[in-house]
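Read off the chains here:
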Amino acid sequence: MEKYKLFDAEYKFASIIWDNEPINSTELVRLCADKLGWKKSTTYTVLKKLSDRAILQNKDAVVTALVKREDVQRYESNAVVEKSFNGSLPKFLTAFLGDRKITEQEAEELKQIIEEAVK
């Protein structure tokens, strides 16, 4: 699962690809300059690093993701729960919600998610 660990800059970079894939590498360089302030060399360095880790693919100057955004988000969420809350979802939710109120609709959505996870 360590495969899915991305540093903040890598996640922002991958998000550009998830939002635009398949994307030509020239267009990717332009987007990274606009959104991240990166030079062409930085873009290609990070692209190679994530391609070597089989997270992205650069084939014939077309970049695509080999890993879904949801898989990375699931890994990151699980890592936070494990690290900060000793694996306890109730402790995580208590800390996450704090004094925040949720709508009835959000509560119903959460109940449905929990019921489906129990099955």
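So, how was this worked out
- Residues numbered from 1 in each chain as written.
- Predicted model: local features only at pLDDT ≥ 70, side-chain atom pairs only at ≥ 80, totals over all residues.
- Heavy atoms only, no water.
- UniProt positions renumbered as here; feature names shortened; annotations may be inferred.
- Helix = DSSP H or I, 4+ residues; strand = E, 2+ residues; numbered from the N terminus.
- Rg over C-alpha atoms; globule rule 2.2 N^0.38 Å.
- Buried < 20%, exposed > 50% of the residue type's maximum accessible area, 1.4 Å probe, protein only.
- Core = buried A, V, L, I, M, F, W, Y, C linked by side-chain atoms within 4.5 Å.
- Contact = heavy atoms within 4.5 Å.
- Axes fitted to C-alpha atoms, helices over the stretch in contact; angles between N-to-C directions.
- Parallel < 35°, antiparallel > 145°, perpendicular 65-115°, else oblique.
- Nonpolar A, V, L, I, M, F, W, Y, C, P; charged D, E, K, R; others polar.
- Pairing = 2+ DSSP bridges.
- Patch = residues over 30% accessible without salt bridge, like charges linked within 9 Å, V, L, I, M, F, W, Y side chains within 5 Å.
- Areas by Shrake-Rupley, 256 points an atom, 1.4 Å probe, with all protein chains shown as cover.
- Salt bridge = Lys/Arg side-chain N within 4 Å of Asp/Glu carboxyl O.

Per an unreviewed UniProt entry, the protein goes by BlaI/MecI/CopY family transcriptional regulator and derives from Dehalobacterium formicoaceticum. You can read under Sequence similarities (unreviewed entry) in the UniProt record for the protein the words "Belongs to the BlaI transcriptional regulatory family."

Undergrad: Account for the overall build of the protein, naming residues and giving values.
TA: If you tally the helices and strands in the protein, you get six helices and three strands. Relative to its length of 119 residues, the protein is extended, with a C-alpha radius of gyration of 18 Å against a globular reference of 14 Å. With respect to the three principal axes, the spread of C-alpha positions in the protein is 45 × 30 × 25 Å. In the protein, which comprises 119 residues, the share counted as buried stands at 26%.

Undergrad: Break down the nonpolar core for me, with residues and values.
TA: Leu6, Phe13, Ile17, Leu28, Leu50 and Leu56 are the most contacted members of the largest nonpolar core, which has 22 residues in total. Elements represented by at least two residues in this core include exactly α1 (8-20), α2 (25-36), α3 (40-52), β3 (62-65) and α4 (69-85). If one sorts the elements of this core by residue count, α1 sits on top with five residues. Apart from residues no more than four positions distant in its own chain, isoleucine 17 is found in contact with Ile23, Leu28, Leu56, Val63, Thr64 and Ala65.

Undergrad: Explain the packing of α1 against α4 to me, and be specific about the residues and the numbers.
TA: At a closest axis distance of 11 Å, the pairing of α1 and α4 adopts a crossing angle of 150°. By the criterion of interaxial angle, the relationship of α1 to α4 is roughly antiparallel. Facing Tyr11, Ser15, Trp18 and Asp19 of α1, the residues of α4 in contact are Arg69, Val72 and Gln73. Grouping the constituent residues of the contact of α1 with α4 by class yields three nonpolar, two polar and two charged.

Undergrad: Describe the sheet that holds β3, with residues and values.
TA: Reading across the sheet, the three strands line up as β1-β3-β2 and stay open at both edges, with antiparallel pairing between neighbours. Each having just a single partner strand, β1 (23-24) and β2 (56-59) make up the two edges of the open sheet. Pairing between β1 and β3: two bridges, direction antiparallel. Each residue of the ladder has a partner; that of asparagine 24, found in β3, is valine 62. Set on the sheet, α3 makes contact with β2 and β3; between it and β2 the angle comes to about 110°.

Undergrad: Give a description of a nonpolar patch on the surface that names residues and reports values.
TA: Nonpolar side chains collect at one region of the surface, where Ile102, Leu110, Ile113, Ile114 and Val118 lie side by side and expose about 460 Å² of accessible area between them. Residue placement: isoleucine 102 occurs in the loop between α5 (89-97) and α6 (104-118). A relative accessible area of 34% places isoleucine 102 in the partly exposed class.

Undergrad: Can you lay out the pattern of salt bridges for me, pointing to particular residues and giving the numbers?
TA: According to the stated counting rule, one finds eight salt bridges in the structure shown. Note that lysine 49 is salt-bridged to glutamate 10, the shortest N-O span being 3.0 Å. Here lysine 49, found in helix α3, pairs with glutamate 10, found in helix α1; they are 39 residues apart in sequence, far enough to count as distant. Judged by its relative accessible area of 42%, lysine 49 is partly exposed. As a salt-bridge pair, arginine 53 and glutamate 10 come within 3.6 Å of each other at their nearest N and O atoms.

Undergrad: Please provide a residue-by-residue account of the pairing of β3, values included.
TA: Relative to β3, β2 runs antiparallel, the two sharing four bridges. Within β3, the residue paired with leucine 56 across the bridge is alanine 65.

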